[in-house]
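Each chain, letter by letter, is given below.
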Amino acid sequence: MQASGAAFLREGRSERQKGYNVTMPSLTAHQVSSQEIAERIKKVREKMEKAGFSAYISFDPDNVYYLTNFANFVHERPFVLVITPSDLTFVIPRLERAHVERHKVGDELKLVEYAEFPAMAGTRWSDRLKDMLPAQGMIGMEGACPAYLSAQVSNPTQVLNVIDVVREIKSPHEISRIAWTCDVMTKAFGMMLGSVKNGTMVAQAIGGVTPYFYQRCLTEASNYNVMSTHAAGLIQPPAYTDDPHNFSCLTAPCEPGGPFLGLIAGKINGYGAEIERTFFLEHVPEEARKPF
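Calculation notes
- Note on numbering: residues in each chain are counted from 1, in written sequence order.
- Where totals are concerned, whole chains, interfaces and linings use all residues; where local detail is concerned, this predicted model gives features only for residues with pLDDT of at least 70, and gives and counts side-chain atom pairs only at 80 or more.
- Note that the side-chain values use all heavy atoms of the structure and ignore hydrogens as well as water.
- Secondary structure elements follow DSSP: runs of H or I of four or more residues count as helices, runs of E of two or more count as strands, with numbering from the N terminus.
- Accessible area is worked out with a 1.4 Å probe on protein chains only. A residue is then buried under 20% of its type maximum, exposed over 50%, and partly exposed in between.
- Computed with the Shrake-Rupley method and a 1.4 Å probe, the accessible areas treat only the protein chains shown as cover for residues.
- In this tally, Lys and Arg are treated as positive and Asp and Glu as negative; His is ignored, and so are the chain termini.
- Charge coordinates come from a single atom per side chain, which is NZ of Lys, CZ of Arg, CG of Asp or CD of Glu.
- Only rings of Phe, Tyr and Trp enter the pairing, Trp through its six-membered ring, and a pair is recorded when the two centres are within 6.5 Å. The plane angle decides the type: under 30 degrees is stacked, over 60 is edge-to-face, the rest tilted.
- Criterion used throughout: strands pair if DSSP finds at least two bridges between them.
- A fitted line through C-alpha atoms represents every axis, and for helices the fit uses only the stretch in contact; the resulting angles, taken between N-to-C directions, go from 0 to 180 degrees.
- Residue contacts are defined here by distance: any two heavy atoms, one from each residue, within 4.5 Å place the two residues in contact.
- Oblique is the label for any angle not covered by the other classes, which are roughly parallel (under 35 degrees), roughly antiparallel (over 145) and roughly perpendicular (65 to 115).
- Under the convention adopted here, Pro, Cys and the residues Ala, Val, Leu, Ile, Met, Phe, Trp and Tyr are nonpolar, Asp, Glu, Lys and Arg are charged, and Gly plus all remaining residues are polar.
- Here a helix's expected span is defined as the number of its residues, less one, multiplied by 1.5 Å.
- In this description, one arc is meant: the one made by directions from the helix axis to the C-beta atoms.

A word on the overall build of the chain
So, point 1. The helix and strand tally for the chain stands at 11 helices and 9 strands.
So, point 2. Its C-alpha atoms put the chain at 70 × 50 × 35 Å along the principal axes.
So, point 3. Looking at the chain as a whole, 46% of its 292 residues qualify as buried.
So, point 4. In the structure as shown, the chain presents an accessible area of about 15,200 Å², 53% of it carried by carbon and sulfur atoms.
So, point 5. Once the 29 positive and 32 negative side-chain charges of the chain are each reduced to a mean point, those two points are 4 Å apart.

Right, here's the structure in full:
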């Protein structure tokens, strides 16, 4: 789905040129609004009610980001989002409170801290989680929830990826963010191709891509979160294109002929896109004309 973003933009322009009534999404990197977050939470609660859950636990960083605008990297400190019909509670390490406060969006989110290891009984993350869950009823859990988390839930549980289903239908805001990311990726790809010359090393050809990504973020989305942003470009010369996942050829020179592989991929401020193209430099070898 992510890889089709740039193609979607091109097809939209093509259809519009033919005279069809196609509305292009806006290109914007604007931060999500409180109203947008509230609508997402409402949809999750509707699916919780339909499934008969008294609470739902989210652990996947992408889903937490979707409902809070807070991006995190899970290592030894769990971040656990608990959704009930009346509350939205985020169980977080005490160390991370300022980080969450800085990025969270929405009026409903309540933060509950837990102490760092070694914590006294009653102050651990598992204690806080138990305090947030209702005494009775079925608890819904994401498939991404680790076993050590589900082991702390005494209620009956059911694994159901509720938030993933809600995310399948994109809002106008999300479409505009995806379109903006596609625009950044497409222009970066064109810039990268323009750097491919006879004798240029791969590292030189891709060297300007990352600075371009961050320049666009800083000028158009100054509040972007680096925890939800990672993107890169790659050129593979003909000697490596039979092994497309070999990323060890940064010092290889670009030579006339082909096929070359060009790739831009990643996500910017939470939304991803990817563009890949096969191309040739200066000429197309005769043996490549038929297959390509």
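Examining the packing of aromatic side chains
So, point 1. Inspection of every chain in the model, using the stated rule, returns 8 aromatic pairs.
So, point 2. Judged by centre distance (6.0 Å) and plane angle (40°), the ring pair of Phe79 and Phe90 falls under tilted. Taken together, the positions of Phe79 in the loop between α3 (61–68) and β2 (80–83) and Phe90 in strand β3 (residues 88–93) put the pair 11 residues apart, joining distant regions of the chain. Here the two residues Phe79 and Phe90 agree in accessibility, since each one is buried.
So, point 3. Aromatic pair Phe260 and Phe279: ring centres 5.1 Å apart, planes at 15°, arrangement stacked. Taken together, the residues span a long stretch of sequence, with Phe260 in strand β8 (residues 257–268) and Phe279 in strand β9 (residues 271–281) at a distance of 19 residues.
So, point 4. Looking at Phe260, the relative accessible area reads 1%, which means it is buried.

Comments concerning the sheet that holds strand β7 (residues 230–236)
So, point 1. Ordered in space as β7-β8-β9, the 3 strands form an open sheet in which the pairing is antiparallel. Edge positions in the sheet fall to β7 and β9, since each has one partner strand and no second. Going from strand to strand, the sheet's axes swing by 5° on average, the running direction of each strand aside.
So, point 2. Helix-sheet contacts for helix α8 (residues 172–194) involve β7, β8 and β9, and the interaxial angle to β8 is about 145°.

With respect to the packing of helix α2 (residues 34–51) against α3
So, point 1. As a packed pair, α2 and α3 sit with axes 7 Å apart at the nearest point and diverge in direction by 120°. Taken together, the axes of α2 and α3 lie oblique to each other. In contact with Ile37, Arg40, Ile41 and Val44 of α2, α3 contributes Tyr66, Leu67 and Thr68.
So, point 2. Its residues assigned to classes, the contact of α2 with α3 shows 5 nonpolar, 1 polar and 1 charged.

Details of helix α10 (residues 209–220)
So, point 1. Compared with the 16 Å implied by 1.5 Å per residue over 12 residues, the 17 Å span of α10 between its first and last C-alpha is a close match.
So, point 2. Along α10, the positions that sit buried rather than exposed are Val209, Tyr212, Phe213, Arg216 and Cys217. With its buried residues spanning 135° around the axis, α10 presents them on a single face. Along α10, exposed side chains directed more than 90 degrees from the buried face belong to Leu218 and Thr219.
So, point 3. Of the surrounding secondary structure, the elements contacted by the buried residues of α10 are α8, α9 (202–206), β7 and β8.

In short, geometric facts, not functional conclusions.
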